[in-house]
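Architecture at a glance
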Amino acid sequence: MSLGLIGKKIGMTQVFEDNSELVPVTIIQAGPCFVIQIKTEEKDGYNALQLGYVAAKKVNKPIQGHCTKSDRGNFRIFKEFAVEDIENYTLGQEINIGIFSIGDRITITGNSKGKGFAGVMKRWGFGGGPASHGSKTHRRPGSIGASATPSRVLKGKKLPGHKGNEKNTIKKCKIVNLMSEENIIMIKGQVPGSRNQVVLIYK
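These remarks concern the structure in this document. (Residues numbered from 1 in each chain as written. Predicted model: local features only at pLDDT ≥ 70, side-chain atom pairs only at ≥ 80, totals over all residues. Heavy atoms only, no water.)

Overall, antiparallel pairing links the 4 strands, which are arranged β5-β4-β3-β6 in an open sheet. At either margin of the open sheet sits one strand with a lone partner, and together these are β5 (75-82) and β6 (94-95). Pairing analysis gives 7 bridges linking strand β4 (residues 48-55) to β5, with the strands arranged antiparallel. Paired with Ala-48 across the two strands is Ala-82, which belongs to β5. Set on the sheet, helix α2 (residues 61-68) makes contact with β3 (33-39), β4 and β5; between it and β5 the angle comes to about 55°. (Pairing = 2+ DSSP bridges. Helix = DSSP H or I, 4+ residues; strand = E, 2+ residues; numbered from the N terminus. Contact = heavy atoms within 4.5 Å. Axes fitted to C-alpha atoms, helices over the stretch in contact; angles between N-to-C directions.)

Right, let's get into the nonpolar core. Of all hydrophobic cores here, the largest spans 31 residues; its most connected members are Phe-100 and Ile-185. Considering every element that reaches this core, the biggest residue donor is strand β12 (residues 198-202), with 4 residues. When residues no more than four places from it in sequence are discounted, the contact partners of Ile-185 are Thr-26, Ile-27, Ile-28, Ala-30, Ile-97, Phe-100, Ile-175, Asn-177, Leu-178 and Ile-201. Among the nonpolar cores identified, the runner-up in size contains 7 residues, and Val-15, Val-23, Ile-184 and Met-186 belong to it. (Core = buried A, V, L, I, M, F, W, Y, C linked by side-chain atoms within 4.5 Å. Buried < 20%, exposed > 50% of the residue type's maximum accessible area, 1.4 Å probe, protein only.)

Turning our attention to the pairing of strand β7 (residues 105-111). With respect to burial, β7 is a largely interior element, 5 of its 7 residues being buried. Relative to strand β10 (residues 167-179), β7 runs antiparallel, the two being bridged by 6 bridges. When the sheet's bridge partners are listed, Arg-105 is paired in β10 with Lys-174. Summarising the sheet, β7 and β12 pair through 3 bridges and their orientation is antiparallel. Counterpart to Thr-107 in the pairing with β12 is Tyr-202.

The structure is reproduced here in structure tokens:
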């Protein structure tokens, strides 16, 4: 992955594009992020920048000592972004939405909404059993194995369980608008996660 930003999903709205087409957009407050640590191939085995996001008032001593070198205060969220050339970056440097332009295609990673425990109809889209009176298998998965061979439930069988709250990545998202003063990025379409969810934006 290339250089990017840490952001927070604000919500969704809709805007008109230049061709008068009404499109849904997701509003993300991205950055500003600050370089907390520079990792080099000689010392760490790869080149990367560790960025800090969301200032924190109270942190433990290890994090406090880690953030002291950048002289930008303490942060709550840290993420690494791989970069090829680290010579252009310094500790404490601010990274903002200036690295993006309107019309760019970006990659966004975030956690999907958690749905809790769900049955097979909601989780996997099963059709369900007969809906008529007398049926006792309206929303059940039905038979899940064989009695003789292989006499067990195979791994990977679609069964009830926890739904959502999984890491999802959407590629080639189009930037519709940038608001530099508010650090706002408007992205065409939807983005994984609920409001105030932390997302990663890759260039």
